[in-house]
Amino acid sequence: DVQLQASGGGLVQAGGSLTLSCAASGFTFADYAIGWFRQVPGKEREGVSCFSVTSSTWYADSVKGRFTISSDVDKNTVYLQMNNVKPEDTAVYYCAAGRDTVRTDNQVFLFDLCGGPRDTHEYQYWGQGTQVTVSS
């Protein structure tokens, strides 16, 4: 079965740093993009960052220059390094997996999920989320 486990959230002061982890299992890691989303009560879930094994990455403008996404491919784990956090970063952070590569008998289709912002329904599998709270 497909499993995505987000961890690493907690309470951090503004200007501080925090690293989130997303451990994936039960699917072919190389065929999927891993995205980080966040959600505040009453608002829609929004994309934060994305990583694919093709080395594509994407960041929302609101976090660009402050957050860094990376991966230990051998461990099927994606990390989100959050630096210089702000109170507006407070949210539940979710990691998700979306099919990015489909192979047929003689073709390879690349959806390039990390080529730009994507909707939540582009991702098929979701973790449980981890709370990040940034205090002033």
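Overview of the structure. These figures come from a predicted structure and were not determined experimentally.

## Quick word on the side chain of Arg66
Relative to the assigned elements, Arg66 resides in the loop between β6 (57-59) and β7 (67-72). The class for Arg66 is buried, based on a relative accessible area of 10%. Polar contacts involving the side chain of Arg66 include one to the main-chain carbonyl oxygen of Ser62, which spans 2.8 Å.

## Some details on the side chain of Thr77
Summarising the element assignment, Thr77 is placed in strand β8 (residues 77-82). For Thr77, a relative accessible area of 9% translates into the label buried. Among the polar contacts made by the side chain of Thr77, one reaches the main-chain carbonyl oxygen of Lys75 at a distance of 3.0 Å.

## A few points about the nonpolar core
Formed by 37 residues in total, the largest nonpolar core has its most connected members in Leu20, Phe27, Trp36, Phe67, Leu80, Met82 and Tyr93. Once residues within four sequence positions are removed from consideration, Leu20 is found in contact with Ser7, Gly8, Gly9, Trp36, Val78, Tyr79, Leu80, Met82, Tyr93, Thr130 and Val132.

## Description of the sheet that holds strand β3 (residues 18-25)
An order of β1-β3-β8-β7 is seen for the four strands of this open sheet, with the pairing classed as antiparallel. Looking at the sheet topology across the chains shown, the edges are occupied by β1 (3-7) and β7. Pairwise comparison of adjacent strand axes, ignoring direction, gives a mean angle of 15 degrees for this sheet.

## Description of the state of the cysteines
Under the defined criterion, the tally for this structure stands at two disulfides. In this model Cys22 forms its disulfide with Cys95; the gap between the sulfur atoms is 2.2 Å. Between Cys22 and Cys95, the S-S torsion sits near 75 degrees, and that sign places the bridge as right-handed. Of this pair, Cys22 sits in strand β3 while Cys95 is found in strand β9 (residues 91-99), placing the two residues 73 residues apart along the sequence. Cys22 sits in the buried class, given a relative accessible area of 1%.

## Overview of unusual backbone geometry
For Asn76, which is not glycine, the phi dihedral falls at a positive 50 degrees. Its place among the elements puts Asn76 in the loop between β7 and β8.

## What about the pairing of β3?
Moving residue by residue along a regular strand, the side chains alternate between the two faces of the sheet. Bridging between β1 and β3 involves five bridges; their strand directions are antiparallel. Within the sheet, the bridge partner assigned to Ser7 lies in β3 and is Ser21. Of the strand pairs in this sheet, β3 and β8 are connected by six bridges, and their pairing is antiparallel. If you follow Ser21 over to β8, its bridge partner there is Tyr79.

## A short note on the pattern of salt bridges
For the structure on display, the rule yields six salt bridges. Between Arg38 and Glu46 there is a salt bridge; the shortest N-O distance is 2.9 Å. Between Asp89 and Arg38 there is a salt bridge, with the nearest N and O atoms lying 2.9 Å from each other. One end of the pair, Asp89, is in the loop between β8 and β9; the other, Arg38, is in strand β4 (residues 32-39), and 51 residues separate them in sequence. Since its relative accessible area comes to 0%, Asp89 is described here as buried. Residue classification places Arg38 among the buried residues on the basis of a relative accessible area of 5%.

How each quantity is defined
Residues numbered from 1 in each chain as written. Predicted model: local features only at pLDDT ≥ 70, side-chain atom pairs only at ≥ 80, totals over all residues. Heavy atoms only, no water. Helix = DSSP H or I, 4+ residues; strand = E, 2+ residues; numbered from the N terminus. Buried < 20%, exposed > 50% of the residue type's maximum accessible area, 1.4 Å probe, protein only. Polar contact = N/O pair within 3.5 Å; in protein donor to acceptor, adjacent residues only side chain to side chain. Core = buried A, V, L, I, M, F, W, Y, C linked by side-chain atoms within 4.5 Å. Contact = heavy atoms within 4.5 Å. Pairing = 2+ DSSP bridges. Axes fitted to C-alpha atoms, helices over the stretch in contact; angles between N-to-C directions. Disulfide = S-S within 2.5 Å. Salt bridge = Lys/Arg side-chain N within 4 Å of Asp/Glu carboxyl O.

All we've got here are geometric facts, nothing functional implied.
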